[in-house]
Amino acid sequence: MTTTVTHRRALIDGQWADGGDGEIEVRSPHSGELVGTVARCTAGQAAQAVAAAARAFPGWRKTPLLDRVALLYKAYELCKERNEAIARQISREMGKTIRESREEMAEYACEHFRRASEDALRYRGQFLPSTQERTNSKRIVVSQEPAGVVAVVTPWNFPVDIAAITICYALAIGDTVVWKPSEYAPLSSAMLADIFLDAGFPPGTLNMVTGGGEAGRAVVAHPDVAAVVFTGSTRTGMEVASATGLKNRVLELGGNGPIIVRRDADLERAADAAVAGCFYLAGQCCTAAERLLVHESVRERFVALLAERAGKLRVGDPLADSTDMGPLCHAGVLERTRQHVDDAVAAGATVVLGGTSRGLYFMPTVLAGVTPDMAIAREETFGPVAPVISVGSDEEAIDLANATGYGLTAAVFTNDLRMAWRYADSLRHGTVLINETTNYWDQLAPFGGRGRSGTGRELSSWMLDALTETKQIVFDIG
Ligand code: NAD
């Protein structure tokens, strides 16, 4: 099938702007076919975008909340109308299956328009009593005011969903935005920007600069940016942390989440969760199950159940309705997956299933005999690999789960409620799931990590906390 090749530019001050230092080609990970091109924006264009957002901020901040919300509801309707077209573009340019892309659009991206509106309508300050002096004359009001220009930098694995969260919440609360989408999924990202433009958001409220790391760096480091919401790898996140200085920031970074399988676990359920955790989106999720810490007494049975299920996954064209797993997004992801698997095998792990690749496709892989010192256990792989590590006790499982410094999501399979609580208390991760896969999150619950997985929380009122400045106003009424 031939695809339409589109060229997209930057969106600055309500206009699609020409310019840039050449173009970036976007190719299908499935076929290598050219899908489109985007402008490689310069630092100068990033500065123009920030200036446009800064000019738009005072007016947007004063726009009645009900008017901002009305625009978001209009955008919600447009998003629903365009769901299928955007889903297909996501699958074409970054390779997730069409079922996964439809889920990204219908269940996540679209809903952020409504949820941001609802959360902004119900977001409240506080009223505090006087506690400093023995007087009843002070009245302290704590308000949350919009931070200003927010820089949003996003990855390719959920290109529209992740961007829509921050953009919708920022615009709802009165901030303006400069967005730098991933260079691997900029075309579906531009379709999200179209929605805001077509819904009638005023010029400058949402700006988008396309390009790679240079463009991202120019946006996050700009002195007129008040807050940064960055989602991406831990390595880039550390660069962003040092470039942003004293700005407000949320860093949503990499993961190395374990699924812990206790000896009392329902093994069938745990194996289903491992398939969802390791192979959904070909393992390219920050919340992927990167390590399976399985009690030695049930390891053999668990590995057999897992391999049986993983062996049935249909791998192929992401745009085919029947496909369960598509290709990896780009050569860098393939190379790291290959290296992690080869390194593990050289150090004594056994390939139970898969281990082979063709083009950007890496077959669902199950590795047994993985040890905690191997790179695949210590670092994020971001590929379709299930590395099984044998553990002898709960203490060992907890120590290993906490050992890598990542702390995004961890899952535990057990039928012992008391032990479930002990695990929940001991695991240093932003989310602990009991009898559920790591790839589970709720759109209205705080999402984020600690340690190498980042700082801050997004979604619902936690997102609004990150996008506002807390101000206290003290009245002395005499
Ligand atoms: P990446 O770090 O390579 O790139 C992310 C974004 O940062 C891209 O838009 C990129 O162009 C930009 N960028 C690159 N260098 C920059 C710099 N110096 N300054 C500013 N911006 C810069 O990540 P990726 O490969 O696109 O995404 C995969 C990673 O993202 C994985 O590690 C995954 O775990 C993580 N991720 C985390 C979450 C989360 O919520 N915690 C969600 C999705 C993905």
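Remember, it's a predicted structure, so these values are computed and weren't measured experimentally.

Cut-off values and rules
- Residues numbered from 1 in each chain as written.
- Predicted model: local features only at pLDDT ≥ 70, side-chain atom pairs only at ≥ 80, totals over all residues.
- Heavy atoms only, no water.
- Pairing = 2+ DSSP bridges.
- Helix = DSSP H or I, 4+ residues; strand = E, 2+ residues; numbered from the N terminus.
- Axes fitted to C-alpha atoms, helices over the stretch in contact; angles between N-to-C directions.
- Buried < 20%, exposed > 50% of the residue type's maximum accessible area, 1.4 Å probe, protein only.
- Near = heavy atom within 4 Å.
- Polar contact = N/O pair within 3.5 Å; in protein donor to acceptor, adjacent residues only side chain to side chain.
- Areas by Shrake-Rupley, 256 points an atom, 1.4 Å probe, with all protein chains shown as cover.
- Domains from an automatic or database assignment.
- Contact = heavy atoms within 4.5 Å.
- Buried area = accessible area lost by both parts, 1.4 Å probe.
- Patch = residues over 30% accessible without salt bridge, like charges linked within 9 Å, V, L, I, M, F, W, Y side chains within 5 Å.
- Salt bridge = Lys/Arg side-chain N within 4 Å of Asp/Glu carboxyl O.
- Right-handed = clockwise from strand over helix to strand, strands pointing away.
- Expected span 1.5 Å × (residues − 1).
- Parallel < 35°, antiparallel > 145°, perpendicular 65-115°, else oblique.
- Left-handed = near helix turned anticlockwise from the far one by under 90°.
- Nonpolar A, V, L, I, M, F, W, Y, C, P; charged D, E, K, R; others polar.

### Remarks on the sheet that holds strand β6 (residues 126-128)
Turning to step 1, where the next piece is worked out: Spatially, three strands are ordered β6-β7-β25 in an open sheet, and the strand pairing comes out antiparallel. In this open sheet, the two edge strands, each paired with only one partner strand, are β6 and β25 (468-476). Ignoring which end each strand starts from, the neighbouring axes of this sheet average 25° apart.
Turning to step 2, where the next piece is worked out: Examined bridge by bridge, strand β7 (residues 138-146) and β25 share nine bridges and lie antiparallel to one another. For Lys138, the partnering residue across the bridge sits in β25 and is Asp476.

### Remarks on the side chain of Asp194
Turning to step 1, where the next piece is worked out: Relative to the assigned elements, Asp194 resides in helix α5 (residues 186-199).
Turning to step 2, where the next piece is worked out: Note on Asp194: relative accessible area 17%, which makes it buried.

### Re the site of the ligand
Turning to step 1, where the next piece is worked out: Lining the immediate environment of the ligand, one finds 30 residues, of which Lys180, Glu183, Ser233, Thr236 and Glu380 sit closest.
Turning to step 2, where the next piece is worked out: A distance of 2.7 Å separates an oxygen atom of the ligand from a polar side-chain atom of Thr236.
Turning to step 3, where the next piece is worked out: Within the side chain of Glu380, an N or O atom sits 2.6 Å from an oxygen atom of the ligand.
Turning to step 4, where the next piece is worked out: About the coverage of the ligand: the protein hides 90% of its 850 Å² of free accessible area.
Turning to step 5, where the next piece is worked out: Residue assignment for the shell around the ligand shows that the elements contributing at least two residues are α6 (213-221), β11 (227-231) and α7 (234-244).
Turning to step 6, where the next piece is worked out: Structurally, the shell around the ligand is a two-domain feature, drawing no fewer than three residues from each of domain 1 (6-253 + 453-474) and domain 2 (257-443).

### A closer look at the domain arrangement of the protein chain
Turning to step 1, where the next piece is worked out: You can read the domains of the protein chain as domain 1 (6-253 + 453-474) and domain 2 (257-443).
Turning to step 2, where the next piece is worked out: Put simply, the middle of domain 1 and the middle of domain 2, counted by C-alpha atoms, are 31 Å apart.
Turning to step 3, where the next piece is worked out: Residue-level contacts link 28 residues of domain 1 with 32 residues of domain 2.
Turning to step 4, where the next piece is worked out: In total, domain 1 and domain 2 occlude about 2,600 Å² of area from one another, counting both sides; carbon and sulfur atoms represent 57% of this.

### Topic: the environment of Arg99
Turning to step 1, where the next piece is worked out: Positionally, Arg99 belongs in helix α3 (residues 98-122).
Turning to step 2, where the next piece is worked out: Assessed through its relative accessible area of 39%, Arg99 is described here as partly exposed.

### Some details on the sheet that holds strand β4 (residues 23-27)
Turning to step 1, where the next piece is worked out: Read from one edge of the open sheet, three strands run β1-β5-β4, paired in mixed fashion. In this open sheet, the two edge strands, each paired with only one partner strand, are β1 (6-8) and β4. Strand after strand, the sheet turns through a mean of 20° between neighbouring axes, direction not considered.
Turning to step 2, where the next piece is worked out: One ladder, built from five bridges, connects β4 with strand β5 (residues 34-39); its direction is antiparallel. Across the sheet, the residue bridging to Ile24 is Val38, located in β5.

### What to know about the environment of Val298
Turning to step 1, where the next piece is worked out: Relative to the helices and strands, Val298 resides in the loop between β14 (289-295) and α9 (299-310).
Turning to step 2, where the next piece is worked out: Here the alpha-carbon distance between Val298 and Arg263, two residues 35 residues apart in the chain, equals 5.9 Å.
Turning to step 3, where the next piece is worked out: Sequence-distant contacts of Val298, that is, excluding residues within four places in its chain, are made with Arg262, Arg263 and Leu267.

### Side note on a nonpolar patch on the surface
Turning to step 1, where the next piece is worked out: Taken together, Ile473, Phe475 and Ile477 make up a surface patch of nonpolar side chains, about 280 Å² in accessible area.
Turning to step 2, where the next piece is worked out: Along the polypeptide, Ile477 turns up in the segment after β25.
Turning to step 3, where the next piece is worked out: The class for Ile477 is exposed, based on a relative accessible area of 53%.

### Describing the pairing of strand β13 (residues 257-261)
Turning to step 1, where the next piece is worked out: For β13, the buried fraction is high: five of the five residues fall into the buried class.
Turning to step 2, where the next piece is worked out: Where burial is concerned, the two faces of β13 agree: the one with Gly257, Ile259 and Val261 and the one with Pro258 and Ile260 are both buried.
Turning to step 3, where the next piece is worked out: In the sheet, β13 pairs with β14 via five bridges, with the strands oriented parallel. Within β14, the position partnered with Ile260 by the bridge is Leu293.
Turning to step 4, where the next piece is worked out: Once the chain exits β13 it traverses helix α8 (residues 267-279) before rejoining the sheet at β14, and the crossover so formed is right-handed.

### Some words on helix α4 (residues 161-173)
Turning to step 1, where the next piece is worked out: Its 13 residues give α4 an end-to-end C-alpha distance of 19 Å, which sits within 8% of 18 Å, the value for a rise of 1.5 Å per residue.
Turning to step 2, where the next piece is worked out: When you tally the buried positions in α4, you get 13 out of 13 residues, the bulk of the element.
Turning to step 3, where the next piece is worked out: Immediately downstream of α4, the backbone of Gly174 shows phi near 105°, a positive value.

### Structural notes on the packing of α3 against α4
Turning to step 1, where the next piece is worked out: Two elements in contact, α3 and α4, have axes whose closest approach is 8 Å; the angle formed by their N-to-C orientations is 15°. Of the possible angle classes, the one that applies to α3 and α4 is roughly parallel. Handedness of the crossing formed by α3 with α4: right-handed. On α4, the residues that touch Glu104, Tyr108, Ala109, His112, Phe113, Arg115, Ala116, Asp119 and Ala120 of α3 are Asp161, Ala164, Ile165, Cys168, Tyr169, Ala172 and Ile173.
Turning to step 2, where the next piece is worked out: The residue makeup of the contact of α3 with α4, split by class, is eleven nonpolar, one polar and four charged.

### Digging into the side chain of Arg68
Turning to step 1, where the next piece is worked out: One can find Arg68 in helix α2 (residues 65-94).
Turning to step 2, where the next piece is worked out: A polar contact is formed between the side chain of Arg68 and the backbone oxygen of Thr63, at a distance of 2.8 Å.
Turning to step 3, where the next piece is worked out: When residues no more than four places from it in sequence are discounted, the contact partners of Arg68 are Trp60, Arg61, Thr63, Leu171, Ala172, Ile173 and Gly174.

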